[in-house]
Amino acid sequence: MAIHVILQPMEADITDAHEHSPVFTLDRVTVRRGGALLLDAVSCRIAGGACTALVGPSGAGKSTLLRLLNRLEEPGSGTVRFHGRPLTGADVLALRRRVQLLSQQPVLLTTHIADDLRVGRPDLDDRRAAGLLGRVGLSPAMLDRPTAGLSGGEAQRVCLARALALDPEVLLLDEPTSALDAASARAVEHTVRDLVAAGLAVVLVSHNSPQARRVADQVLVLDGGRLADSGPVDRISYLKEGT
Ligand SMILES: Nc1ncnc2c1ncn2[C@@H]1O[C@H](COP(=O)(O)OP(=O)(O)OP(=O)(O)O)[C@@H](O)[C@H]1O
């Protein structure tokens, strides 16, 4: 395991050198908005095939960092690289197919689950659509069900399945369980772990330290726009202090 945390500039290498090369590399990335410094010279790597949690106090810059990874946000200075190539040269739509973002509230786009799964993949056949439901822990028999009446956890997993229909390499999850009850949240966590086990890279913003401990392999701690700590989940003191 290669862990390098140096103080100035702080840099995190949380790539598991034995198994996974980084999907993203941030090099002294700064984001300013309206005169405010949202991210301050953040340098880090995000491993492939693993779950990386972004944690830290409210306003620390977690969502801003997440949004940089699919170009919903652009750095003012510094470089974000995807597989070694600067994102500034990337085709945004192609990038967002490979790097899918899910937000807190599940947003269903159509009246039936099967139609929702086909929003970005009109060619998706029933067999593959049912397989996607199975992959997120839902019964394939739900394919013909209306989207109305789904529980929050079911709806969030349909959103995950819809994202997976595009065969992404990375999932960006911005507090995906904050709108869910505890049981639904656990179901989504299990699904995330299954997807990571199957090879996806997941970057998860979470306010919930127990959740980060359950789900993450690696952790980046942000505080006031700066990288405060990083490394394997069991070495992060912020998660021991937090709730
Ligand atoms: N347009 C803006 N102008 C000025 N400041 C902004 C703007 N948008 C966001 N911010 C500030 O940037 C900081 C980082 O926001 P961000 O959403 O990335 O933090 P976060 O760690 O995800 O917070 P939370 O956990 O509360 O969701 C916050 O202090 C926020 O108020």
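Residues numbered from 1 in each chain as written. Predicted model: local features only at pLDDT ≥ 70, side-chain atom pairs only at ≥ 80, totals over all residues.

Caption draft 1: Just the site of the ligand, in detail. For the ligand, the set of nearby residues contains 13 residues, the closest of which are Gly 34, Ser 58, Gly 59, Ser 63 and Thr 64. For the shell around the ligand, the elements supplying multiple residues, two or more each, are strand E4 (36-47) and helix H1 (62-68). Take the shell around the ligand: its biggest share by element is three residues, from H1. Of the residues in the shell around the ligand, the class split is three nonpolar, eight polar and two charged. (Near = placed C-beta within 6 Å. Helix = DSSP H or I, 4+ residues; strand = E, 2+ residues; numbered from the N terminus. Nonpolar A, V, L, I, M, F, W, Y, C, P; charged D, E, K, R; others polar.)

Caption draft 2: Expanded view of the nonpolar core. Core analysis: the largest hydrophobic core is formed by 67 residues, its most contacted members being Leu 54, Val 202 and Leu 204. For this core, the element with the highest residue contribution is helix H5 (residues 152-164), accounting for seven residues. (Core = buried A, V, L, I, M, F, W, Y, C linked by C-beta atoms within 7 Å. Buried ≥ 20, exposed ≤ 12 C-beta atoms within 10 Å, placed from the backbone.)

Caption draft 3: Spatial organisation of the environment of Cys 51. Among the secondary structure elements, Cys 51 is positioned in strand E5 (residues 51-55). Owing to 26 C-beta atoms within 10 Å, Cys 51 belongs among the buried residues under this scheme. Spatially, the C-alpha atoms of Cys 51 and Val 119 are 26 Å apart, while their sequence positions differ by 68 residues. With residues near it in sequence (within four places) discarded, Cys 51 still touches Val 192, Val 196, Val 202, Leu 204, Val 215, Ala 216 and Asp 217. (Contact = placed C-beta atoms within 7 Å.)

Caption draft 4: Broad picture of the confidence of the model for the chain. Confidence in the prediction for the chain averages 89 pLDDT; 91% of positions are at 70 or higher. Note on residues 1-11: pLDDT is under 50 here. Beyond four places in sequence and across chains, it has 22 contacts. In the predicted structure, residues 13-18 sits below a pLDDT of 50 and forms 23 contacts with residues beyond four places in sequence or in another chain. The ipTM value of the predicted complex is 0.93, and its pTM value is 0.87. (pLDDT = per-residue confidence, 0-100.)

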